[in-house]
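# Close look at the chain arrangement
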Amino acid sequence: MSQELGGEIPIVLLILVAVVVVVALLYKFFTSGSSPEFGNESRTSSDWLDLHGYSVHSAIRILEDFINRKQRENGSMIHVVTGQGLHSPSYGPVIKPAVMQYLNNSGYRCRWSDDGGSVTVFLR
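Figured I'd write up the structure that's included with this text.

## Quick look at the packing of aromatic side chains
- Overall, the coordinates contain 0 aromatic pairs when judged by the stated rule.
- The aromatic ring of Trp112 is capped on one face by Lys96, whose charged end is 5.3 Å from the ring centroid.
- In this structure, Arg109 is placed above the aromatic ring of Phe122, and the distance from its NZ or CZ to the ring centre is 4.4 Å.

## Description of the sheet that holds strand β4 (residues 118–122)
- Across the sheet, 4 strands lie side by side as β1-β2-β4-β3; this open sheet has mixed pairing. For this open sheet the edge positions go to β1 (48–50) and β3 (109–112), each flanked by a neighbour on one side alone. The mean inter-strand angle of the sheet, taken between neighbouring strand axes irrespective of direction, is 20 degrees.
- The pairing of strand β2 (residues 77–81) with β4 spans 5 bridges and is antiparallel. For Ile78, the partnering residue across the bridge sits in β4 and is Val121.
- Each of β1 and β2 touches helix α2 (residues 56–72); the most contacted strand, β2, lies at about 160 degrees to it.
- Sheet strands touched by helix α3 (residues 95–106): β3 and β4. Its angle to β3, the strand with the most contacts, is close to 150 degrees.

## Things to note about a nonpolar patch on the surface
- Together, Ile9, Leu13, Leu16 and Val20 line one region of the surface with nonpolar side chains, adding up to about 380 Å² of accessible area.
- With respect to the helices, strands and loops of the structure, Ile9 is situated in helix α1 (residues 2–30).
- Since its relative accessible area comes to 47%, Ile9 is described here as partly exposed.

Quick notes on the rules
Residues numbered from 1 in each chain as written. Predicted model: local features only at pLDDT ≥ 70, side-chain atom pairs only at ≥ 80, totals over all residues. Heavy atoms only, no water. Phe/Tyr/Trp six-rings, centres within 6.5 Å; stacked < 30°, edge-to-face > 60°. Lys NZ or Arg CZ within 6 Å of the ring centre and 35° of its normal. Pairing = 2+ DSSP bridges. Helix = DSSP H or I, 4+ residues; strand = E, 2+ residues; numbered from the N terminus. Axes fitted to C-alpha atoms, helices over the stretch in contact; angles between N-to-C directions. Contact = heavy atoms within 4.5 Å. Patch = residues over 30% accessible without salt bridge, like charges linked within 9 Å, V, L, I, M, F, W, Y side chains within 5 Å. Areas by Shrake-Rupley, 256 points an atom, 1.4 Å probe, with all protein chains shown as cover. Salt bridge = Lys/Arg side-chain N within 4 Å of Asp/Glu carboxyl O. Buried < 20%, exposed > 50% of the residue type's maximum accessible area, 1.4 Å probe, protein only.

Bear in mind that shape data such as this cannot, by itself, settle questions of function.
Right under this line is the structure:
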């Protein structure tokens, strides 16, 4: 039995390492601005902000900071991923309405993606 257990531990560790690598690659892919939602426009990762997983308060604070930084850098537009709220525990969008309200109240011109899960914000 100890021989079987000894053989299983390295396999479990290999599987764990493989899962960590896959998660890291997926994170890098999804945060690299490779979303297909905006046609052929520039998609450098520095122009994209993904607000998935944040509380409403944190998401708005992060969005404000991101917009301020991009304006200081003379950026003309940013892309913000809010998601559609499909995985929200409240069974509806939470981040998206808060972002919509913030952007509208701040006077930014915006264009939402066809699926409604992301928005292009024009900074000028």
